Amino acid sequence: MDNNSNRRTFLGVCLGGLGAIAAAAVSWPLFRYLAPHSGGDAAGKVVIPEKDVPEGEAKFFEFAGSSAVLVRKRGGDLVAFSAVCTHLGCIVQWEKDKQDFLCPCHGGHYSADGAVTAGPPPKPLKRLTFAVAGGNITVG
Amino acid sequence: MSLIKKAVDWIDVRIGTREIVEKELTGYLLPRNINGWYSMGSVLLFAFALQVVTGMLLLIYYVPDADKAFKSVTAIMNDVPFGWLIRMCHAVGSNMMVLALLFHMLSVLFMGSYKKPRELNWVTGFILFTMVQGISLTGYLLPWSQLSFWATTVATNSASAIPVAGPYLVEFLRGSPQVGPPTLGRFFALHVAVIPAGIAALIGAHVFLLKRTGVSAPPFGLPETMNQWQGDSYSYEKHPGGIPFFPHFALEDMRSIAIYMAIFLAVVFYDPYLFFPKDAFIPANPFVTPAHIKPEWYFLANYQTLKIFPNELIGLSLQGAAMTFLALLPFVDCGRERHPLKRPLFMACSVGGLLLWIGLSIWGHLS
């Protein structure tokens, strides 16, 4: 009886082990197949002609798989931000008359410098690096 | 362990799971002389489940748009991690499922299991067979390759041989005068929704009929102790003294599934392009028909029949007659004898028919 019981336990453990290996062999490709693809977009740079961003206006563009914005403030200073609201991820809009950003989802407001001025956003808009050369603005 | 037992007890007192297990698994007795061929149904269920799962996974990346379909399939093969594995499993699986289905039908045929009182099992099984052919044909178009495009052009064009309604039927099937983006939309809907739902429903009906009638006993091997159906009223065919489905025949099922998987994975890993001619790797071009366009191996006999008969209507009618005869076989072959060696006429016709089908397929492949 004991021998039988030991043999059953042993076979059960072996079978369980093989099952676990088989499950892992199936799960890993499945996980990799379903996992979001990383890289690619992140390293990209975007070049925008300076003339496309007149004073007091904003230029929205696709950057690193999401939306970004270049603003030339009154006075001529350029700034670049991620256009993703830090509250719940909606895309902010540029209000030219008020010279600020409005998030249409929950009424968050940001100044032209990206700082939160009203509403629920917990953090300022994320700043992006850029360089100006030869009449072009290179973001990223 | 005790936690699992507690969980099982908790469910059992509510819905009586132990009673179901006793009735449907451990107490479900099968004929003593049952053989491995009886597990082909389980193999097919497993193969269908695998097609459903891999098909759902492919839906994540596949784009059913004529401009993007080929590119999306190429991306699945080359860019998506393990995308090649999922697609190969789906493509090879479809061929293997047809093969397993043919073996299942042949075993039912040669063991006479289609005979009364199981006529309805045969008919539902036969409809399943045609639906599997349908799902294979519609899936063939989805990669939008040269092979897909022209194989579908030829297949849908066959319907034009039907008098009067033929040309309209072809256009209805395609959604346009020629195979094009509307055809892709239709075939996609049929492939991923309509036919799978139909197959699932028919599998349910097939298994229901099997459970209500009881498993047939093979006409050879150990002597059987079944209570034979007399034809006057309903009676479930019991097999007293038979072997329990669980664990005995469940292990047999597992063994057959393991053999199926071994062959399936051998093809997937060692010869994945076995079912892919080179035209499967060229995007569809509606202005250039490739030379030697051929259908899948299981349609080669149909293809060759259409080539042999210059009149398409005669070719199609013959195929239709053969299919109708097969579908109605239990009503044509009504004798009680089920042993194949004691049915010489049946053996001559079925072996002859099988050889003819194989011969036509080989001829179609080589022609």
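What you see is a predicted model; the values in this text were computed from it and never measured.

### Here's the deal with the overall build of chain B
- What chain B contains, in helices and strands, is 14 helices and 2 strands.
- Radius of gyration (C-alpha) of chain B: 23 Å, near the 21 Å computed for a compact globule of 367 residues.
- C-alpha atoms of chain B, sized along the principal axes, occupy 65 × 60 × 35 Å.
- Taken over 367 residues, chain B has a buried fraction of 43%.
- Here chain B displays about 19500 Å² of accessible surface, and carbon together with sulfur accounts for 73% of that area.
- Charged side chains in chain B number 25 positive and 21 negative. The centres of these two groups are separated by 3 Å.

### So, the side chain of Glu296(B)
All names here are of chain B.
- Its place among the elements puts Glu296 in the loop between helix H10 (245-270) and helix H11 (300-308).
- No salt bridge is formed by the buried Glu296, whose closest oppositely charged neighbour, Arg87, lies at an N-O distance of 9.4 Å.
- Side chain to side chain, Glu296 and Tyr140 meet in a polar contact 3.5 Å long.
- Apart from residues lying up to four places away in sequence, Glu296 is in contact with Asn95, Tyr140 and Phe275.

### Quick look at a nonpolar patch on the surface
- Taken together, the side chains of Val351(B), Leu355(B), Ile358(B), Ile362(B) and Leu366(B) make up a nonpolar region of the molecular surface, amounting to roughly 470 Å² of accessible area.
- Along the chain, the position of Leu355(B) falls in helix H14 (residues 344-366).

### Thoughts on helix H7 (residues 146-157) of chain B
Residues and elements named next belong to chain B.
- Taking 1.5 Å as the rise per residue, H7 with 12 residues should run 16 Å; its terminal C-alpha atoms sit 16 Å apart, in good agreement.
- Taking burial as the measure, the 12 residues of H7 include 9 buried ones, the bulk of the element.
- Looking at H7, one finds that the buried residues are Gln146, Leu147, Ser148, Phe149, Trp150, Ala151, Thr152, Thr153 and Thr156.

### Details of the state of the cysteines
Residue and element names in this part refer to chain A.
- With the rule as written, the count across this model stands at 1 disulfide over all chains.
- The disulfide partner of Cys90 is Cys105, and the gap between their sulfur atoms is 2.0 Å. Handedness here is read from the sign of the S-S torsion; for Cys90 and Cys105, about -95°, the answer is left-handed. Of the two residues, Cys90 is situated in the loop between strand E4 (78-82) and strand E5 (93-95) and Cys105 in the loop between strand E6 (100-103) and strand E7 (108-111); the sequence distance between them amounts to 15 residues.

### Side note on the domain arrangement of chain A
- We note that the domain assignment places domain 1 (1-35) and domain 2 (41-139) within chain A.
- Here the C-alpha centroids of domain 1 of chain A and domain 2 of chain A sit 53 Å apart.

### Quick word on the sheet that holds E4(A)
Residues and elements named next belong to chain A.
- With antiparallel pairing, 3 strands are arranged side by side in an open sheet as E2-E3-E4. Strands at the two margins of the open sheet, each flanked by one partner only, are strand E2 (58-63) and E4. Neighbour to neighbour, the strand axes of the sheet diverge by 25° on average, direction disregarded.
- Two elements, E2 and strand E3 (residues 66-72), share 6 bridges in a ladder whose sense is antiparallel. Bridge pairing in E3 links Phe63 to Ser66.

Definitions and cut-offs
- Residues numbered from 1 in each chain as written.
- Chains lettered and ligands numbered in written order.
- Predicted model: local features only at pLDDT ≥ 70, side-chain atom pairs only at ≥ 80, totals over all residues.
- Heavy atoms only, no water.
- Helix = DSSP H or I, 4+ residues; strand = E, 2+ residues; numbered from the N terminus.
- Rg over C-alpha atoms; globule rule 2.2 N^0.38 Å.
- Buried < 20%, exposed > 50% of the residue type's maximum accessible area, 1.4 Å probe, protein only.
- Areas by Shrake-Rupley, 256 points an atom, 1.4 Å probe, with all protein chains shown as cover.
- Lys, Arg positive; Asp, Glu negative; His and termini not counted.
- Charge placed at Lys NZ, Arg CZ, Asp CG, Glu CD.
- Salt bridge = Lys/Arg side-chain N within 4 Å of Asp/Glu carboxyl O.
- Polar contact = N/O pair within 3.5 Å; in protein donor to acceptor, adjacent residues only side chain to side chain.
- Contact = heavy atoms within 4.5 Å.
- Patch = residues over 30% accessible without salt bridge, like charges linked within 9 Å, V, L, I, M, F, W, Y side chains within 5 Å.
- Expected span 1.5 Å × (residues − 1).
- Disulfide = S-S within 2.5 Å.
- Domains from an automatic or database assignment.
- Pairing = 2+ DSSP bridges.
- Axes fitted to C-alpha atoms, helices over the stretch in contact; angles between N-to-C directions.

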